[in-house]
2 protein chains.
Amino acid sequence: MDEGSAADRVRNRAKRVSMADVARLAGVSSQTVSRVSNGHPGVVASTRQQVLAAMRELGYRPNSAARALKRGEFRTIGVVLFTLSTTGNMRTLEAIATSAAQEGYAITLLPVAAPTHDEVRGAFTRLGELAVDAFIVIMEVHLLDAATVALPPGVQVAVADSNAGDRYSVVDTDQAGGAGAAVRHLLDLGHRTVWHVAGPEESFAAQRRADTWRAELAGAGRPVPPMVRGDWSADSGYRAGLRLAEEPDCTAVFAANDQMALGVLRALHEKRRAVPEEVSVVGFDDIPEAGSFLPPLTTVHQDFAEVGRQLVQGVLRQLRTESTEPGTTLVPTRLVERSSTAPPPGGTPR
Amino acid sequence: MDEGSAADRVRNRAKRVSMADVARLAGVSSQTVSRVSNGHPGVVASTRQQVLAAMRELGYRPNSAARALKRGEFRTIGVVLFTLSTTGNMRTLEAIATSAAQEGYAITLLPVAAPTHDEVRGAFTRLGELAVDAFIVIMEVHLLDAATVALPPGVQVAVADSNAGDRYSVVDTDQAGGAGAAVRHLLDLGHRTVWHVAGPEESFAAQRRADTWRAELAGAGRPVPPMVRGDWSADSGYRAGLRLAEEPDCTAVFAANDQMALGVLRALHEKRRAVPEEVSVVGFDDIPEAGSFLPPLTTVHQDFAEVGRQLVQGVLRQLRTESTEPGTTLVPTRLVERSSTAPPPGGTPR
DNA sequence: GATGGGGATGTTTACGCAAACATCCGATGC
DNA sequence: GCATCGGATGTTTGCGTAAACATCCCCATC
């Protein structure tokens, strides 16, 4: 029966305590409860104690919906991302969450099932309805472009992994700096040239790393070997490695991330090409396991924590000033030299 | 008049469009706008089109605070966790987010800076004030215990990685099943006994895996070698591996996660103990990279996606029935045989 | 042609909180 | 002793939405 179930629901529902309830018990007005709740001055100590006691007794907790409605802000940042499965996204998210918490902001996650325009558009629509003051997007730029139309006005955005610095506040690892350092490190060791296992085409980061690799080689007057494309996974790195193992003059490999470098190491091992004696390998990311690869991997360290921090700071600054701050902030990288790189066999040919 | 308000809106973009604005433009009542907004029936197609057009023109997006205030629910689940850095947490979180999104729920992240009682308590307090209908805790049980007092009444909880099934709805990987399968696999190959590299003491999962390892050996009447303790990291696995490499009769190792197994592989490699010819190694988790280790790692596959799904389902069920459902749901594991295990040198001694 | 019924739409109201404004009262100054 | 002031507290109001209720009008039925 309709009435029955409704009544049941009312009875069962731990009917939440409101300020009015507290006020009644404490014998004050609800406004005084509000003042105590928000730590406003102008409440005499004895009254405050009474109110606090009443709150405790009733188990009062403020209704954030009403609070947000009144205040017009949620103190929450939405984070749109495609997947948590990549090291970078995951670590960035963690940093964002930590950073936001410090600022008194919560994080609402908005996973996008598939990196298609429709999905992203849908995600943005949902975000628009979400209890969110601003958001951070961790996603490839061309998808963002497609979704821009749906971007709710008046909501601030910061973006990672993108080159949309002309329109948004973008924070990114210094891809060029890192990739350049990796390639130069190998050239400096005496390798004639460097082969590259790239990430997927759609990735802005992958594209930047590949571009820099090419430019660096060209700048040094070295031949540019054909690029091998992977998809970030160790498996794709393995397949790429099998191909590279066939190339007798391949003595140095720069993989666009550590997982693919791991796959390359496995392929080279299987094909009896010793690392680093015959072939040197450099990765990118410096995942925690990189130091335990066989051999321990020389790689480019990314400061994801800093990226996350900057994203949060950027978006909050925009929120406070109510203005967008287009521009790109680069977070520097650092080459971590371990045991997967060495001079080429036969020493420096130069 | 109209122009004036439009200009205001542009200038002062904080001024959000409300249902009333849409209603005015569409020439209907705000209730009709509400009906369209929520897809209620009983609105004639032509009216609906008018309203939708007005929404588009004004860039209307519903105010979720007001909506939540009215409805008494946020359609949001809070997730408390200590760190995203472990494979398990991260993958579980991803599954939770996906699962929740399908149910129309958003996820709010509540990272706990340090796994101390105070931190957890603080997190729970904040959660209580957060716009959250229920929450999911991914955390060691003893911390949860300490924080129970602060658990807001009337908020449903589901827990992962815990043995608190008597009080909460707990979902966990079948740790015992997985660890048992790992140990039995090694014994079945003919190894006399199995050494164990355990996870940190505080971890419930680590404890369960170690207990099962011990019980399984005892059940088979095998000697139980001293346990080596790690901290989940590849580095700690490496240190453990160095120790195990010293043991001449150690032919089989069960590491409590894949990262530590990776470290063990490296140590064994450095000490010239061939895997799997001399020593067999089994991991736990089946991280995506496990198949690319040297050699590809035999490991216990965990279905994190299913754990996340069950957590969300469980907490939503409790939300709907307004009742707690204590009990533990176990998600089965699967042993993935790759190339890091083989019969012991000299064949089966049995 | 009157009547009733039902679908479409409008009006009222309350959700819980906090800003703005109103009131009260004791203390201070002249 | 009276006006004044300021701190403590109370009252009113409205944020945007959606349930509940009210109204209107068209159409089928007799």
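As a starting point, this report considers the structure included with it. Every chain is numbered independently, its residues counted from 1 as its sequence is written. All chains are assigned letters beginning with A, and all ligands numbers beginning with 1, in the order in which they are written. Local features in a predicted model are, by the rule used here, given only for residues with pLDDT of at least 70; side-chain atom pairs are given and counted only at 80 or more, and totals for whole chains, interfaces and linings are based on all residues. Remark: hydrogens and water are excluded; side-chain values derive from all non-hydrogen atoms of the structure.

Remarks on the interface of chain A and chain B
In this assembly, 52 residues from chain A lie in contact with 50 residues from chain B. Reported buried area values correspond to the accessible surface (1.4 Å probe) lost by two parts on association, with both partners' losses combined. Together, the buried faces of chain A and chain B total about 4400 Å²; carbon and sulfur atoms form 62% of this surface. Its largest share of buried area at the contact with chain B, chain A owes to Arg61(A), Ser292(A) and Leu294(A), together 15% of the area lost on that side. Salt bridge, as used here: a side-chain nitrogen of Lys or Arg that lies within 4 Å of a carboxyl oxygen of Asp or Glu. At the junction of chain A with chain B, the criterion picks out zero salt bridges. Definition of a polar contact: a pair of N or O atoms within 3.5 Å, with one able to donate and the other able to accept a hydrogen when the atoms are protein atoms, and with sequence-neighbouring residues admitted only if both atoms are side-chain atoms. In this assembly, chain A and chain B are joined by eight residue pairs in polar contact (both at pLDDT 80 or more). Counting from the N terminus, the helices are DSSP H or I runs at least four residues long and the strands are E runs at least two residues long. Of all the secondary structure elements, the ones that give two or more residues to the side of chain A that touches chain B are helix H1 (2-12), helix H5 (64-71), helix H6 (87-102), strand S2 (106-111), helix H7 (117-129), helix H11 (234-245) and helix H12 (258-270) of chain A. Only Asp, Glu, Lys and Arg are considered charged in this grouping, and only Ala, Val, Leu, Ile, Met, Phe, Trp, Tyr, Cys and Pro are considered nonpolar; every other residue, Gly among them, is considered polar. Classifying every residue of the side of chain A that touches chain B gives 27 nonpolar, 14 polar and 11 charged. In short, DSSP must find at least two bridges between two strands for them to pair. Sheet topology places S2(A) next to strand S2 (residues 106-111) of chain B; three bridges connect them, and they run antiparallel. Across the sheet, Ile107(A) pairs through a bridge with Leu109(B), a residue of S2(B). What makes two residues a contact is simply this: any of their non-hydrogen atoms within 4.5 Å.

What to know about the sheet that holds S2(A)
To summarise the sheet geometry, strands pair through backbone hydrogen bonds and adopt either a parallel or an antiparallel arrangement. If you walk across this open sheet you meet the 12 strands as S11(A)-S5(A)-S4(A)-S3(A)-S1(A)-S2(A)-S2(B)-S1(B)-S3(B)-S4(B)-S5(B)-S11(B), and the pairing is mixed. Edge strands, defined here as strands with exactly one partner in the open sheet, are strand S11 (327-331) of chain A together with strand S11 (327-331) of chain B. Pairs of neighbouring strands in the sheet enclose a mean axial angle of 25°, with direction left out of account. In the sheet, strand S1 (residues 76-81) of chain B pairs with S2(B) via six bridges, with the strands oriented parallel. From the neighbouring strand, Val79(B) faces S2(B), where its bridge partner is Leu109(B). To obtain each axis, a line is fitted to C-alpha atoms, and for helices this fit is confined to the stretch in contact; angles are then taken between N-to-C directions over 0 to 180 degrees.

Some remarks on the protein's contact with DNA strand D
Here a residue counts as near a molecule or strand whenever at least one of its heavy atoms sits within 4 Å of it. With respect to spatial proximity, 24 residues lie near DNA strand D, and among them Thr47(A), Lys70(A), Met19(B), Tyr60(B) and Arg67(B) are the closest. Backbone atoms, meaning sugar and phosphate, make up 54% of the atoms of DNA strand D lying within 4 Å of the protein. A distance of 3.3 Å separates a base nitrogen of DNA strand D from a polar side-chain atom of Lys70(A). Arg67(B) has a polar side-chain atom sitting 2.7 Å from a phosphate oxygen of DNA strand D. Mapped by element, the contributors of at least two residues to the surface near DNA strand D are helix H3 (30-37) and H5 of chain A together with helix H3 (30-37) and helix H5 (64-71) of chain B. The greatest single-element share of the surface near DNA strand D, amounting to five residues, is contributed by H5(B). Its residues assigned to classes, the surface near DNA strand D comprises nine nonpolar, 10 polar and five charged.

Re the environment of Ala252(B)
Residues and elements named next belong to chain B. Note on placement: Ala-252 falls in strand S8 (residues 252-255). Exposure classes here rest on a 1.4 Å probe applied to the protein chains alone. A residue is buried below 20% of its type maximum, exposed above 50%, and partly exposed in between. Given a relative accessible area of 0%, Ala-252 falls into the buried group. Spatially, the C-alpha atoms of Ala-252 and Glu-278 are 8.6 Å apart, while their sequence positions differ by 26 residues. The residues contacting Ala-252, other than those within four sequence positions of it, are Leu-186, His-191, Thr-193, Val-194, Trp-195, Val-279 and Ser-280.

With respect to the relation of the copies chain A and chain B
We superpose the copies by least squares over the C-alpha atoms of residues that have a pLDDT of at least 70 in both of them. With an axial shift of 0.3 Å and an RMSD of 0.6 Å, the rotation relating chain A to chain B amounts to 179°. Such a combination of rotation and displacement between the chain copies is what one expects of a two-fold axis. If distances are taken from each C-alpha of chain A to the rotation axis, the shortest is found for Thr108(A), at 2.0 Å.

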